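Structural features, examined
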Amino acid sequence: MTDSSYLPPTAQLDGVEPSSLPEQLTPRSAPSRRELLRGGAVVAAVGAASVALQPTGVHAQPPAPAMRSGVNAMAAATRLETPPPEIIALNRMGFGPRPGDLAALMALGGNSEARLQAYIDQQLNPAAIDDSECDARIAAQGFTTLNKSRQQLWQDHVVKQNVTWDERMQPARETMHATFLRAVYSKRQLVEVLADFWHNHFNVYGWDSWSAGTWVHYDRDVVRGNMLGNFRQMLGAVAKSPAMLYYLDNVSNTSAGPNENYARELFELHTLGAENYYGVASIVGPDGRYRHPAPQDANGNPLMYIDEDVYAATQCFTGWRVDSATGEFQFVDAVHAKYSKIVLAQATPSGAGVQDGEFVLDLLANHPGTARYISRKLCRRLIADDPPEAVVQAAADVFYSQRNASDQLKQVVRTILLSPEFRTTWGEKIKRPFEYTVSLLRAANANFAWSDSFRWRYEALGQALFNWRPPDGYPDRKENWSSTMPMLQRWRLCNWLIDGWKIGGDGADKDNLRIDCRSQMPTSVNTATAIVDFWAQRLLGRGLPADERQPLIDFMAGGRGPESTLPAAHIDERLRFLVGLFFMAPSFQWR
């Protein structure tokens, strides 16, 4: 399959509808997962729904275990046991362990506290981590845009005469491929988790004709270049990036025709958040003079914002543009509102020009409400959907007190990761599709390679990279990803990765699976019980709860005794499907 350009979800691939790909592109002569699992099929209770995946025209096989995989069903069934801090760290500070990662972490200290401290220090200093293996994999792809400057990107992929659609999309496409490669292979796992977080926080739809051409700049210089630095600096870089200026229409914001899209999302999503919105209220007091109606701090500063603040900020950002020749930020004074504006009870001087917008960014980046909002979102990503207020406030205190520090965000993240809540909370989040897919590839030690075939199957899960059109970013709560269809699609992807994903091409290894389970297990492990326990430790780093372990033992035994030595052919036939069931099991969904 070629990978020539990003295709819209409705496009066809070689004349095959994407929805039919899992069936039409998996020819095989050996028994398939669906054949082996037919009998009782894979019957999964997802919340209150049941979904049966059954093939047609195949011989009956022993039934597969029916496992609860809906989040509500999982939570109701058992009280989740909190894993050791090392397991939590690998699944929250990264996308789960690859073989050897847990052993490397365990070697960092004599107890869990020392190991966690050392691992956090290591991950927060990514420049000191040898990532040459991942760098080599990326270099081998022959990407040509990842090292281009913003001006080069603009010239080559936006304003070039007769630029093709493929050329325009190339920076976004290569960034997407590199993002997957880094997530799967990079040792700088926290960097990849935070890049994913900030792309969602400052969400831009990456496949627009304007944003795609400069997407390397947005990912490399704006997001990754600031995510462990200073929030105010990051906020300014976002505001002045071509991607954001076009995405939220500030390029059309003028004093004669104000466009409030950017200013609105700046308040509601990027800084103070909707939690600090006071509502629609008058700014005129009983005496006819300006009066901000929101509660105030001891110094008279409003603690919340109102619509009038957004309207005034909109005028402050008039004239913020992109230089059409270079792609650099440009201020056009001729369309700027030159009068004084009042934002959060603070007045800008008349005729301040570009500094009006900088003034607004300063106000918002230094507001205590922003500190709490950003800290809560980081805690939600790294700890729980509803993080305890104690850790949110601790992070917010650091955010606010260190608001002028060059490593402000690094200090905030460190505070969250070292908190008791981080190492004692489990099962309050499930993996989103990107996390699920990458964690599967890492745990299975997959021979990963990007292709259109992989992309179609991955994107069916609902979290295509840089593809969320509204400005609020992909949802980050478990209920958004635990209903029937999201779970079904991740099982379909798993089904293909385990049993249909081959090297391909014309080489002698073209029919070899990219996930080779058999070579990863010692031949001495040969009973159903031993095999299940081996893979529990291998994939999860811990044992399975009894209600998940026993059905897997029964499946692997295939009618034989759980302690009986299994024939090699029996193991060969069932092992990869057993591993697939691990990836479908509840324990693999939690983080």
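Residues numbered from 1 in each chain as written. Predicted model: local features only at pLDDT ≥ 70, side-chain atom pairs only at ≥ 80, totals over all residues. Heavy atoms only, no water.

Side note on the overall build of the protein chain
Scanning the protein chain from N- to C-terminus turns up 27 helices and eight strands. Every one of the 591 residues in the protein chain was classed for burial, and the buried ones make up 56%. Put simply, 72% of the contacts in the protein chain that link residues at least 6 apart link residues at least 24 apart. (Helix = DSSP H or I, 4+ residues; strand = E, 2+ residues; numbered from the N terminus. Buried < 20%, exposed > 50% of the residue type's maximum accessible area, 1.4 Å probe, protein only. Contact = heavy atoms within 4.5 Å.)

Considerations on the packing of helix 25 (residues 546–557) against helix 26 (residues 568–584)
At a closest axis distance of 9 Å, the pairing of helix 25 and helix 26 adopts a crossing angle of 155°. Classified by the angle between their axes, helix 25 and helix 26 sit roughly antiparallel to one another. The two elements helix 25 and helix 26 meet at a crossing, and its hand is right-handed. Residues Leu552, Phe555, Met556 and Ala557 of helix 25 pack against His570, Ile571, Arg574, Leu575, Phe577, Leu578, Leu581 and Phe582 of helix 26. Taken together, the residues that form the contact of helix 25 with helix 26 break down as ten nonpolar, one polar and one charged. (Axes fitted to C-alpha atoms, helices over the stretch in contact; angles between N-to-C directions. Parallel < 35°, antiparallel > 145°, perpendicular 65-115°, else oblique. Left-handed = near helix turned anticlockwise from the far one by under 90°. Nonpolar A, V, L, I, M, F, W, Y, C, P; charged D, E, K, R; others polar.)

Quick look at unusual backbone geometry
If you check the backbone angles, Asn162 has positive phi at about 60° while not being a glycine. When you line up the elements, Asn162 lands in the loop between helix 8 (150–157) and helix 9 (165–185). Phi at Asp249 takes a positive value of approximately 65°, unusual for a residue other than glycine. Along the chain, Asp249 turns up in the loop between helix 13 (242–247) and helix 14 (261–270).

Considering empty space enclosed by the protein
Enumeration according to the criterion identifies five cavities of 30 Å³ or more in this entry. Taken as a whole, the largest cavity encloses approximately 190 Å³ of empty space. Elements with a minimum of two residues in the lining of the largest cavity: helix 9, helix 10 (189–201) and helix 11 (215–223). The greatest single-element share of the lining of the largest cavity, amounting to five residues, is contributed by helix 10. A per-class count over the lining of the largest cavity returns nine nonpolar, five polar and four charged. (1 Å grid on protein atoms, 1.4 Å probe; cavity = no way out; pocket = protein on both sides within 12 Å on 5 of 7 lines; lining within 4 Å. Points joined across faces, edges and corners; volume = space filled by probe spheres on them.)

Some details on the layout of surface pockets
Taken as a whole, the largest pocket holds about 590 Å³ of empty space. If you go around the largest pocket, you meet 25 residues; those closest to its centre are Asp135, Ile138, Arg182, Arg188 and Arg224. Those elements that provide at least two residues to the lining of the largest pocket are helix 7 (132–139), helix 9, helix 10 and helix 11. The biggest single contributor to the lining of the largest pocket is helix 7, with four residues. Residues belonging to the lining of the largest pocket are distributed by class as follows: eleven nonpolar, six polar and eight charged.

Here's the deal with the nonpolar core
Counting 151 residues, the largest nonpolar core has Trp198, Tyr218, Phe448, Phe454, Ile531 and Phe583 as its most contacted members. In this structure, Phe454 is in contact with Phe180, Thr437, Leu441, Phe448, Trp496, Leu497 and Trp501, ignoring residues within four places of it in sequence. (Core = buried A, V, L, I, M, F, W, Y, C linked by side-chain atoms within 4.5 Å.)

Regarding the environment of Lys148
Take Lys148: it is sitting in the loop between helix 7 and helix 8. For Lys148, a relative accessible area of 16% translates into the label buried. Separated by 68 residues in sequence, Lys148 and Val216 have C-alpha atoms that sit 7.8 Å apart. When near neighbours in sequence (up to four residues on either side) are disregarded, Lys148 contacts Leu153, Asp156, His157, Val216 and Arg220.

Some points on the packing of aromatic side chains
All chains considered together, the criterion is met by 31 aromatic pairs. Centre to centre, the rings of Phe180 and Phe454 are 5.5 Å apart; their planes meet at 90°, and the pair counts as edge-to-face. Of this pair, Phe180 sits in helix 9 while Phe454 sits in helix 22 (residues 452–459); the two residues are 274 residues apart in sequence, bridging distant segments of the chain. Of the residues examined, Phe454 reaches a relative accessible area of 0% and is grouped as buried. A centroid spacing of 6.2 Å and a plane angle of 25° characterise the contact between Phe202 and Phe231, whose relative ring orientation is stacked. (Phe/Tyr/Trp six-rings, centres within 6.5 Å; stacked < 30°, edge-to-face > 60°.)

Quick notes on the pattern of salt bridges
For the structure shown, the criterion picks out 36 salt bridges. The partner of Arg150 in a salt bridge is Glu328, and the shortest N-O contact between them spans 2.7 Å. In this pair, Arg150 sits in helix 8 while Glu328 sits in the loop between strand 5 (320–322) and strand 6 (329–331), placing the two residues 178 residues apart along the sequence. A residue is classified by how much of its surface remains accessible, and Arg150, at 16% relative accessible area, is buried. (Salt bridge = Lys/Arg side-chain N within 4 Å of Asp/Glu carboxyl O.)

Quick notes on the environment of Asp219
Looking at where Asp219 falls in the secondary structure, it is placed in helix 11. Looking at Asp219, the relative accessible area reads 5%, which means it is buried. Sequence separation between Asp219 and Met176 is 43 residues, and the spatial gap between their C-alpha atoms is 9.8 Å. Filtering out sequence-adjacent residues up to four positions away, Asp219 remains in contact with Thr175, Arg182, His199 and Arg224.

Quick word on the side chain of Thr527
Take Thr527: it is sitting in the loop between helix 23 (484–499) and helix 24 (528–540). Excluding residues that lie within four positions of it along the chain, Thr527 makes contacts with Pro562, Glu563, Ser564, Thr565 and Leu566.

Concerning the environment of Glu81
Checked against the element boundaries, Glu81 lands in the loop between helix 3 (71–77) and helix 4 (85–92). Residues Glu81 and Thr425, 344 residues apart in the sequence, show an inter-C-alpha distance of 9.8 Å.

Some words on helix 6 (residues 112–123)
Spanning twelve residues, helix 6 covers 16 Å between terminal C-alpha atoms, matching the ideal 16 Å at 1.5 Å per step. Of all the positions in helix 6, only Arg115, Leu116, Tyr119, Ile120 and Gln123 are classed as buried. Seen from one end, helix 6 has its buried residues packed into an arc of 130°, which puts them on one side. If you follow the buried residues of helix 6, they end up packed against helix 4, helix 5 (101–106), helix 10, helix 19 (408–417) and helix 20 (420–424). (Expected span 1.5 Å × (residues − 1). Arc of directions from axis to C-beta.)

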